[in-house]
Amino acid sequence: MPLRDVLTRILSDYQIAKSQPLEGDPLAQFIRGDAATAVTAGLGEQATGMVVQGSPGRGNWAAVPWVSVFDPVITTSATRGYYVVYLFHGSEAVVHLSLNQGTTAVREEFGATARAVLADRAQFIRQRISEFQSELPVTAIDLGSEARLPGDYVAGHALGVSYHLDTLPDEAKLRSDLQNVVRAYRALTFRGGIEGDVEAQQSEITEEFSQPALASVTETRKYVYHRKIERNRTAAKNAKKFHGTVCQACELDFAKRYGAIGEGFIETHHLKPISKLEEGVPVQYDVAADFAVLCANCHRMIHRTDDPSDLVAFRKRLQGES
């Protein structure tokens, strides 16, 4: 189904649908199913590695229904991290395509100052990926609701595009905008996300891992991105399921060594060479080929070698063969 048809249906039917019970409503089912499928198709090659979900609400209609694009390296939930989302206005036939932030985790941490924190981070995002603002010029949105969550979405919005039902662009433009905002999303992650300046991390990373190759900002960004992939909870879970929980380098079994507290514990190591990571290039996760499971010591030590992707050479080093 074309993106334009999806947006048209939601914008046309939402105001009537929300006056009916959510359970079993055809539009609610559409948002969860066909709408999410159409957004995935609209992403084209940018869909690689992404997860798309739609939500009309839980139990009752949401003040602002949404369809989101998540990079599992960052989040698979609208409550934390940052992500791309279509946010539908509460009372008008308007939808915002937004690079936004998970607001629930911020509110839990910062309480009454959450919106100020979200707004500061949104400004930081705009600065970090400033070259995308010409294509995604909308830096302020309105969702037509006084409820807490919509207000937090407004504060968390960094950049994007807004559409009105009466002036929806054609399919090509809608797809182009969607793919552009996902490119901005990938660039943000590659450059350090909403964390501090990657340049400031450079000396710390270089000193910790003794890697002269990490002397440039570009290589440091690659390393930061690499670590984000390793810490991806979905990848870690699947890697453990596939490879088990015994260190693939030294064969340490935490459960045998530490008993119950070590049960199921292991760290995930991303084997794709840092040199091959590129900004804006989708990463396809192959749990069998791209990840290993290592104990904390081996994980730290393999990052000190010349080629952290070469698990075989690292094993030989442990066995005294090199």
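Located above this text is the structure these notes cover.
Residues numbered from 1 in each chain as written. Predicted model: local features only at pLDDT ≥ 70, side-chain atom pairs only at ≥ 80, totals over all residues. Heavy atoms only, no water.

*Asks:* It is not clear to me how the nonpolar core should be interpreted in this structure. Could you clarify?
*Replies:* In globular proteins that are soluble, nonpolar side chains generally tend to be buried together. By size, the foremost hydrophobic cluster in this structure holds 84 residues, and its most contacted members are Tyr86, Leu99, Ile129, Tyr163 and Leu178. Beyond its immediate stretch of four places on either side in the chain, leucine 99 contacts Tyr83, Val84, Ile125, Ile129, Gly156, His157, Ala158, Leu159, Val181, Tyr185 and Leu188. In this structure, Val106, Val117, Leu118 and Ala155 belong to the second largest nonpolar core, which totals five residues. (Core = buried A, V, L, I, M, F, W, Y, C linked by side-chain atoms within 4.5 Å. Buried < 20%, exposed > 50% of the residue type's maximum accessible area, 1.4 Å probe, protein only. Contact = heavy atoms within 4.5 Å.)

*Asks:* Mind showing me how you'd approach unusual backbone geometry here?
*Replies:* One can expect most non-glycine residues to show negative phi and most peptide bonds to be in trans. Residue glutamate 251 is not a glycine yet carries a positive backbone phi of 70°. Structurally, the position occupied by glutamate 251 is in the loop between α9 (233–243) and α10 (254–258). The exposure class of glutamate 251 is exposed, given its relative accessible area of 64%. (Helix = DSSP H or I, 4+ residues; strand = E, 2+ residues; numbered from the N terminus.)

*Asks:* It is not clear to me how the packing of aromatic side chains should be interpreted in this structure. Could you clarify?
*Replies:* How two aromatic rings sit relative to each other is set out by the distance from centre to centre and by the angle between their planes. Tallied over the full model, the rule gives six aromatic pairs. Taking 5.7 Å as the distance between ring centres and 75° as the angle between the ring planes, the aromatic pair formed by tyrosine 82 and tyrosine 185 counts as edge-to-face. Of this pair, tyrosine 82 sits in strand β3 (residues 82–88) while tyrosine 185 sits in helix α6 (residues 171–190), and the two are 103 residues apart along the sequence. For tyrosine 82, a relative accessible area of 3% translates into the label buried. Residue class for tyrosine 185 comes out buried when judged on its relative accessible area of 0%. Aromatic side chains phenylalanine 254 and phenylalanine 265 sit 4.8 Å apart centroid to centroid with 80° between the ring planes, which places their arrangement in the edge-to-face category. Here phenylalanine 254 is found in helix α10, whereas its partner phenylalanine 265 is found in the loop between α10 and β6 (267–270), with 11 residues between them in sequence. Judged by relative accessible area, which is 10%, phenylalanine 254 ranks as buried. In textbook terms, an aromatic cluster arises when at least three aromatic residues are bridged by ring pairs, as seen for Trp66, Phe70 and Tyr83. Lying over the aromatic face of phenylalanine 30, arginine 9 brings its terminal NZ or CZ to 4.4 Å of the ring centre. For arginine 257, the ring lying beneath its charged end belongs to tyrosine 258, and the centroid distance is 5.1 Å. (Phe/Tyr/Trp six-rings, centres within 6.5 Å; stacked < 30°, edge-to-face > 60°. Lys NZ or Arg CZ within 6 Å of the ring centre and 35° of its normal.)

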